[in-house]
Amino acid sequence: MAQIAFEDVSKVFPDGTRAVDGLDLEIADGEFTVLVGPSGSGKSTALRMVAGLEDATHGAISIGSRVVNDVAPKDRDIAMVFQSYALYPHMSVDDNMGFALRMQKVERESIRSRVGRTAARLGIRELLARRPRALSGGQRQRVALGRAIVRSPEAFLMDEPLSNLDAKLRVEMRAYIARLHHELGTTTLYVTHDQTEAMTMGDRVAVMRDGRLEQVDSPQRLYEHPANVFVAGFIGSPAMNLLRGRVAEDGRLELGTQRLRPARRTTHVGDVVVGIRPEAVSPVGELGDDVLELRVVLAEMLGSDVLLHLHSEAPSVLTGDMLDLAGELDVSGEDRFIARVPPDVRPAPGSVVRLRVDMSRVHLFEAGSGRVILR
Ligand SMILES: Nc1ncnc2c1ncn2[C@@H]1O[C@H](COP(=O)(O)OP(=O)(O)OP(=O)(O)O)[C@@H](O)[C@H]1O
Ligand SMILES: [Mg+2]
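To keep things clear, this report deals only with the structure shown in the data block.

Reading the values: rules and limits
Residues numbered from 1 in each chain as written. Chains lettered and ligands numbered in written order. Predicted model: local features only at pLDDT ≥ 70, side-chain atom pairs only at ≥ 80, totals over all residues. Heavy atoms only, no water. Helix = DSSP H or I, 4+ residues; strand = E, 2+ residues; numbered from the N terminus. Polar contact = N/O pair within 3.5 Å; in protein donor to acceptor, adjacent residues only side chain to side chain. Contact = heavy atoms within 4.5 Å. Core = buried A, V, L, I, M, F, W, Y, C linked by side-chain atoms within 4.5 Å. Buried < 20%, exposed > 50% of the residue type's maximum accessible area, 1.4 Å probe, protein only. Salt bridge = Lys/Arg side-chain N within 4 Å of Asp/Glu carboxyl O. 1 Å grid on protein atoms, 1.4 Å probe; cavity = no way out; pocket = protein on both sides within 12 Å on 5 of 7 lines; lining within 4 Å. Points joined across faces, edges and corners; volume = space filled by probe spheres on them. Nonpolar A, V, L, I, M, F, W, Y, C, P; charged D, E, K, R; others polar. Pairing = 2+ DSSP bridges. Right-handed = clockwise from strand over helix to strand, strands pointing away. Phe/Tyr/Trp six-rings, centres within 6.5 Å; stacked < 30°, edge-to-face > 60°. Lys NZ or Arg CZ within 6 Å of the ring centre and 35° of its normal. Patch = residues over 30% accessible without salt bridge, like charges linked within 9 Å, V, L, I, M, F, W, Y side chains within 5 Å. Areas by Shrake-Rupley, 256 points an atom, 1.4 Å probe, with all protein chains shown as cover. Lys, Arg positive; Asp, Glu negative; His and termini not counted. Charge placed at Lys NZ, Arg CZ, Asp CG, Glu CD.

### Considerations on the side chain of Thr118
So, point 1. Note on placement: Thr118 falls in helix α3 (residues 108-122).
So, point 2. A polar atom in the side chain of Thr118 sits 2.8 Å from the backbone oxygen of Arg114.
So, point 3. If we skip the residues at most four places from it in the chain, Thr118 touches Met97, Gly146, Ile149 and Val150.

Here's what the structure looks like:
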């Protein structure tokens with residue numbers, strides 16, 4: 001096993017597209033790191049440079065203690081799993097899984113036992129004689145994983161391996177891959193555009209945008225301490241409410257005509273972006289200097305809780321990149337505030353609710369740069 005490191009790595013394609021821009025990232029030996037970001041942010045390109053499927057334009061990539069920029073892909077001792085399983089259709093599962101070992105001229109008996117053991121671990125032993133087309137999507141993906149595992153590589157590289165599966169199977173396979181990593185302990189770099197997948201699977205999550213690394217940290221730290229507006233809006237579902245506001249001279253936080261008293265004073269005065277997670281508020285009866293009054297647009301029942309879509313006086317922030325995240329964010333152009341409340345709270349549309357904001361969980365960002373304001 002080995003660590004993987006990017007040192008100031010950039011990739012500029014011949015047409016001038018800068019897909020990866022000055023990437024510095026280390027994946028420790030045995031660690032499961034997820035690269036996450038919107039479409040086109042450079043995740044696959046970064047992974048493909050580790051595999052040797054793309055050359056780096058600048059910088060050094062190492063696997064273990066070896067810089068691999070000039071090492072041929074087949075000599076890098078890594079195994080890659082793709083979204084399209086890329087199984088050989090004319091070969092049995094058995095032959096698909098043993099293919100790389102046969103290429104390496106591993107002894108037949110040894111191939112047989114390694115494939116058998118891996119198939120048993122993956123629960124596909126009874127499928128070894130079948131062709132890929134006679135398998136379900138989840139079974140095919142397990143064969144693809146098996147083909148990577150039998151090689152006992154230094155590291156696994158996975159590029160959206162679950163995105164062809166339906167939602168339920170994806171959740172199952174997510175847990176499955178996490179358990180497998182726990183058992184094998186192989187260094188893994190995993191690419192997805194799905195922040196939930198990133199948060200549930202990664203020891204560490206690296207958030208990319210436009211070829212640049214925005215922040216890398218444990219899922220919990222990213223959630224609790226986003227370094228900028230982009231990460232704040234990207235990590236978490238439903239997304240954090242991001243509103244344009246102002247820190248007044250007396251330290252109060254102004255959101256439209258409403259004012260909140262921050263838990264701690266900041267030295268910053270003037271325009272800010274205020275971040276409040278949907279789950280950082282709770283319905284209350286009385287007003288107070290930590291209470292927002294908001295008009296209900298819609299109450300969405302989720303069973304376990306209710307999502308209140310509220311009208312906010314303060315304009316919400318939607319950066320161009322966030323709009324790319326599609327579906328997840330409301331792009332109706334109205335200034336919405338989303339609150340997650342207990343299932344018994346069911347106010348009628350048009351009514352006004354009072355929400356106490358957990359002021360210790362309010363995030364402040366610079367209005368221009370979007371960088372977090374530390375207090
Ligand atoms: N061969 C290529 N030539 C020119 N541009 C490319 C090439 N491959 C990728 N790009 C561009 O590089 C950027 C990053 O692409 P990449 O595939 O790494 O993104 P990604 O984060 O994996 O996106 P997705 O989530 O859609 O898979 C994009 O702007 C893409 O159009
Ligand atoms: Mg990709």
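### Quick notes on the nonpolar core
Soluble globular proteins tend to bury their nonpolar side chains together.
So, point 1. Counting residues in hydrophobic clusters, the biggest one holds 43 residues, and the most contacted among them are Met97, Ile177, Tyr190 and Val207.
So, point 2. With five residues, helix α4 (residues 137-149) is the largest single contributor of residues to this core.
So, point 3. Grouped together as the second largest cluster of nonpolar side chains are 28 residues, Val247, Ala280, Val345 and Met359 included.

### A closer look at the pattern of salt bridges
So, point 1. Counted according to the given criterion, the structure contains 23 salt bridges.
So, point 2. The partner of Lys168 in a salt bridge is Glu172, and the shortest N-O contact between them spans 3.6 Å. Taken as a pair, Lys168 and Glu172 lie in helix α5 (residues 167-184) at a separation of four residues, close to a single helical turn.
So, point 3. A relative accessible area of 43% places Glu172 in the partly exposed class.
So, point 4. Arg354 is paired through a salt bridge with Glu293; the nearest N and O atoms lie 3.0 Å apart. Here Arg354 is found in strand β19 (residues 352-357), whereas its partner Glu293 is found in strand β16 (residues 291-301), with 61 residues between them in sequence.
So, point 5. Accessibility expressed as a relative area gives 30% for Glu293, which makes it partly exposed.

### Some thoughts on the layout of surface pockets
The gaps of empty space that remain are located by a probe, the size of a water molecule, rolled over the atoms.
So, point 1. What the largest pocket holds in volume is close to 500 Å³.
So, point 2. Among the elements of the structure, β6 (78-81), α2 (93-103) and α4 are those that each provide at least two residues to the lining of the largest pocket.
So, point 3. Here the residues of the lining of the largest pocket are counted per class, giving 14 nonpolar, no polar and four charged.

### Description of the pairing of strand β8 (residues 187-192)
So, point 1. Across the six residues of β8, six count as buried, placing the element largely inside the fold.
So, point 2. Of the two faces of β8, both are covered, the one formed by Thr187, Leu189 and Val191 as well as the one formed by Thr188, Tyr190 and Thr192.
So, point 3. As paired elements, strand β3 (residues 32-36) and β8 share five bridges and run parallel to each other. Across the sheet, the residue bridging to Leu35 is Val191, located in β8.
So, point 4. In this sheet, β8 lies alongside strand β7 (residues 155-159) in parallel orientation, the contact comprising five bridges. Within β8, the residue paired with Met158 across the bridge is Tyr190.
So, point 5. In this view, the connection linking β7 to its parallel neighbour β8 by way of α5 has right-handed handedness.

### Things to note about unusual backbone geometry
So, point 1. In this structure, the amide linkage connecting Ser237 to the following residue, Pro238, adopts the cis form with an omega of -5 degrees.
So, point 2. One can find Pro238 in the loop between α8 (229-234) and β11 (241-247).
So, point 3. Phi angles above zero are rare outside glycine, and Asp8 is one such case at about 50 degrees.
So, point 4. Tracing the chain through its elements places Asp8 in strand β1 (residues 4-12).

### Re the packing of aromatic side chains
So, point 1. What the rule picks out here adds up to three aromatic pairs.
So, point 2. Both rings, one in Phe32 and one in Tyr190, keep their centres 5.6 Å apart while their planes meet at 35 degrees; by these two values the pair is tilted. Taken together, the residues Phe32 in strand β3 and Tyr190 in strand β8 connect sequence positions 158 residues apart. The residues Phe32 and Tyr190 share a single accessibility class, namely buried.
So, point 3. Residues Phe230 and Phe234 carry aromatic rings whose centres are separated by 5.7 Å and whose planes lie at 15 degrees to one another, so their mutual orientation is stacked. On the criterion of helical spacing, the pair formed by Phe230 and Phe234 is a turn pair, its members being four residues apart in helix α8.
So, point 4. In this structure, Arg142 packs its charged tip against the face of Tyr176, placed 6.0 Å from the ring centre.
So, point 5. We note Arg277 situated over the ring of Tyr223; from NZ or CZ to the ring centre the distance is 4.0 Å.

### As for the sheet that holds strand β4 (residues 58-63)
So, point 1. Read across the sheet, four strands follow the order β2-β1-β4-β5 without closing on themselves; strand pairing throughout is antiparallel. The strands lining the two open edges of the sheet, one partner per strand, are β2 (18-27) and β5 (66-67).
So, point 2. Examined bridge by bridge, β1 and β4 share five bridges and lie antiparallel to one another. Each residue of the ladder has a partner; that of Ile4, found in β4, is Ile63.

### Some thoughts on a negative patch on the surface
So, point 1. A cluster of acidic side chains, namely Glu7, Asp8, Asp24 and Glu26, defines a negative patch on the protein surface.
So, point 2. Of all the secondary-structure elements, those providing two or more residues to the negative patch are β1 and β2.
So, point 3. Take Glu26: it is sitting in strand β2.

Any functional reading would require information beyond the geometric quantities listed.
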